[in-house]
Amino acid sequence: MADNSLFPDLDISDIGEVELTESVLSATKWTYVIDYRNRRAVLTEDGHPKKTSTYEEYLIQTALKILNTERFRYVLYGEEVGVERSEWSAWEDVEIKRDMEEALTSHMEIVRAEVRSMEREGQEMQLSILITGLAGQAELEETISV
């Protein structure tokens, strides 16, 4: 990957049929690993974008993408992906928790999301969220900026 882009060049000419995401078994799903604090893809030692290796890691990366995406901002995601972070500074904690849980459970793979704790500290929020997916659970412990 000479140009250091997020998306590698792939030769897909020999692929007969592309499998839709919905038809992939939940336990085998993966996504690319993103460092949301530094806003860049995590690369392997070979310089390729790193993929999640477990279902738990997949759920956490999916949740982080949702929590770090401003709702209604990106046409690509539509109105169902993301949270309304730009509004959080004026909201009560219970409203923020509801926004997070609703946004997370709108993803087709996430059955339940429970914000177990949320502590504001200046412009940052320390979160503990239990995420239940179709094929397992994950606990997200993360600090995000408000």
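Preceding this section is the structure that the text describes.
The present account deals with the structure reproduced in this document. (Residues numbered from 1 in each chain as written. Predicted model: local features only at pLDDT ≥ 70, side-chain atom pairs only at ≥ 80, totals over all residues. Heavy atoms only, no water.)

Side note on the pairing of strand S5 (residues 136–145)
Remember that side chains alternate between the two faces of the sheet whenever the strand is regular. One ladder, built from 10 bridges, connects strand S4 (residues 124–133) with S5; its direction is antiparallel. Across the sheet, Leu-127 pairs through a bridge with Glu-142, a residue of S5. The loop that links S4 with its antiparallel partner S5 comprises 2 residues. (Pairing = 2+ DSSP bridges. Helix = DSSP H or I, 4+ residues; strand = E, 2+ residues; numbered from the N terminus.)

Describing the layout of surface pockets
Counted as a void, the second largest pocket has a volume near 160 Å³. It is S5 that provides the largest number of residues to the lining of the second largest pocket, a total of 4 residues. Here the residues of the lining of the second largest pocket are counted per class, giving 3 nonpolar, 3 polar and 5 charged. (1 Å grid on protein atoms, 1.4 Å probe; cavity = no way out; pocket = protein on both sides within 12 Å on 5 of 7 lines; lining within 4 Å. Points joined across faces, edges and corners; volume = space filled by probe spheres on them. Nonpolar A, V, L, I, M, F, W, Y, C, P; charged D, E, K, R; others polar.)

Some thoughts on the nonpolar core
If you look at the biggest cluster of nonpolar residues, it comprises 26 residues, and the most contacted ones within it are Leu-67, Met-100, Leu-104, Met-125, Leu-127, Ile-129 and Leu-140. Mapped onto this core, the elements with two or more residues apiece are helix H1 (55–67), helix H3 (93–105), strand S3 (110–121), S4 and S5. Top element by residues in this core is H1. It accounts for 8 residues. Once residues within four sequence positions are removed from consideration, Leu-67 is found in contact with Val-83, Arg-85, Met-100, Leu-104, Leu-127, Ile-129 and Leu-140. (Core = buried A, V, L, I, M, F, W, Y, C linked by side-chain atoms within 4.5 Å. Buried < 20%, exposed > 50% of the residue type's maximum accessible area, 1.4 Å probe, protein only. Contact = heavy atoms within 4.5 Å.)

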